[in-house]
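Tertiary structure, described
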Amino acid sequence: MFEDLSSRLESAFKSVAGQARLSDINVAQTVREIRRALLDADVNYQVARSITSSVKEKALGRGVIASVTPGQQFTKIVYDELVDVLGSEKEDIGFSPVPPSVILIAGLQGSGKTTFSAKLAKWLKSQGKNPMLAAADVYRPAAIEQLTTLAGEIDVPVYTRDTRDATAVAREAVLEARKSARDVVIIDTAGRMHVDEQMMDEVARIKSLVKPSEILFVVDAMTGQDAVNTARDFNDIVDFDGVVLTKLDGDTRGGAAISIRSVVNKPIKFVSTGEKMDTLSPFYPDRMAQRILGMGDVVTLVEKAQEQYDEVQARKLQSKIMSNAFNFEDFYGQLQQIKKMGSMRDLIGMIPGMSKQLKDVEIDDDTLKPVEAMINSMTLEERRNPQIINGSRRKRIALGSGMSVKEVNGLLKQFSQMKKMMKTMKKMNRKGRGMEGLKHLTGPGRIH
Ligand SMILES: Nc1nc2c(ncn2[C@@H]2O[C@H](COP(=O)(O)OP(=O)(O)O)[C@@H](O)[C@H]2O)c(=O)[nH]1
Ligand SMILES: [Mg+2]
């Protein structure tokens, strides 16, 4: 999969690999090579440009982590960017609260709809569902036969009827599913050579009639940017929920996979890598990015180094805590760190001794917002020396943050209590105890 792109990217990284650090010059050169590799892989021009400009910005803005090479660091930056472009999170298909859920399959002729419909049924079965297929590609008898054969292979019932009315088949299949207690109906529809009005119209009519909980648009990844444009046009009219990429086992260059999410603004939900029934898998952006880069190990390595880098920051913080110099500036820095990590719980975990006590408490990240607002309203001097915050300063901070003086008082009180607790920790530590809690500050990450 994407061999050519992978090897081109790899050689782009090589050009920075020998360098001691990421300088402007070699970053620019590497980014140019990456852009060329992406364009040659048939990635949409805008998408390629957005990937490379973001990579460049990050590469230049990032501090050098001593324990990894610039080439490895660069790989990680590109990896993060690819994961982002591919959609970040795995996205599941939607089911309706009242069964049967209807999944409508659309796409151009030959894209792999019928094959996918059957594979999806098999996959749903493995997930404990009780699916049924419906042959709404009513124009060609061979299409009905194809679905029936596949359905037999995977032992899933299929609804067929000798009619020219695809919507009737869809509607009746849903009724049939309800009667026979099937909880999912997968409707395989007819495709055209191009997205034309007739095809969109038919899918739109089925959509309004059976109200699918999920509409999947099947795209042949081999057809590159054509596939992406088709999906975009179809989505403009039908507004589907997700994309299925097929034929990734073939000689695909990667352009469709990398571009489609950005261009169409719909997630990829499944990928198909063969004609056999067991060649379907849910789409994971991170796994795909690792495959494209062919360098999962490097990514892990840099992630660990990053952890270690954070560990150095944490040590600095720890020494501040130990010398009782922890102030609002540090606290604010921690808050920003937490926002990056995305969880309040992680912050709590960093405060010695706190994580255990708060293990079962639900913490809402919104609780941080007023705190952040109040610290924002402090001057740098106040952040560094909270003890100077007198009555009139409190009033000013309250006004500036839109909070009440009482709330500002509350924050200051909490802060001083936290410092007291830190002092206690320090004393315990001197007696050779109490380091347990501080483990949270240093983290386990280490490179051998
Ligand atoms: N290599 C490969 N072939 C596939 C894949 N998915 C479907 N096909 C083949 O592509 C052809 C068209 O598939 P079909 O499901 O009939 O497409 P439809 O016209 O959209 O229903 C068939 O020969 C399938 O076996 C895939 O992921 N990889
Ligand atoms: Mg078909």
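Described below are features of the structure shown in this document.

Cut-off values and rules
- Residues numbered from 1 in each chain as written.
- Chains lettered and ligands numbered in written order.
- Predicted model: local features only at pLDDT ≥ 70, side-chain atom pairs only at ≥ 80, totals over all residues.
- Heavy atoms only, no water.
- Salt bridge = Lys/Arg side-chain N within 4 Å of Asp/Glu carboxyl O.
- Helix = DSSP H or I, 4+ residues; strand = E, 2+ residues; numbered from the N terminus.
- Buried < 20%, exposed > 50% of the residue type's maximum accessible area, 1.4 Å probe, protein only.
- Near = heavy atom within 4 Å.
- Polar contact = N/O pair within 3.5 Å; in protein donor to acceptor, adjacent residues only side chain to side chain.
- Areas by Shrake-Rupley, 256 points an atom, 1.4 Å probe, with all protein chains shown as cover.
- Nonpolar A, V, L, I, M, F, W, Y, C, P; charged D, E, K, R; others polar.

**Section: the pattern of salt bridges**
Using the criterion set out here, one finds 16 salt bridges in the structure. Ionic pairing is found between Glu172 and Arg161, a salt bridge with its closest N-O pair at 2.3 Å. Of this pair, Glu172 sits in helix 7 (residues 166-179) while Arg161 sits in the loop between strand 3 (158-159) and helix 7, and the two are 11 residues apart along the sequence. With relative accessibility at 35%, the residue Arg161 sits in the partly exposed group. For Lys266, the salt bridge is made with Asp239, and the minimal N-O distance between the two is 2.6 Å. Taken together, the residues span a long stretch of sequence, with Lys266 in the loop between helix 10 (255-264) and strand 7 (268-272) and Asp239 in the loop between helix 9 (224-238) and strand 6 (242-246) at a distance of 27 residues. Lys266 gets classed as buried once you look at its relative accessible area, which sits at 13%. Judged by its relative accessible area of 46%, Asp239 falls in the partly exposed class.

**Structural notes on the site of ligand 1**
Every one of the 15 residues lining ligand 1 counts as a neighbour, but Lys113, Thr115, Asp249, Ser272 and Glu275 are closest to it. Within the contact set of ligand 1, an oxygen atom lies 3.3 Å away from a backbone nitrogen or oxygen of Ser111. One nitrogen or oxygen atom from the main chain of Gly112 is found 2.9 Å from an oxygen atom belonging to ligand 1. In the complex, the protein chains occlude 79% of the 580 Å² of accessible area that ligand 1 would expose alone. The element best represented in the shell around ligand 1 is helix 5 (residues 113-126), accounting for 3 residues. Tallied by class, residues from the shell around ligand 1 come to 1 nonpolar, 10 polar and 4 charged.

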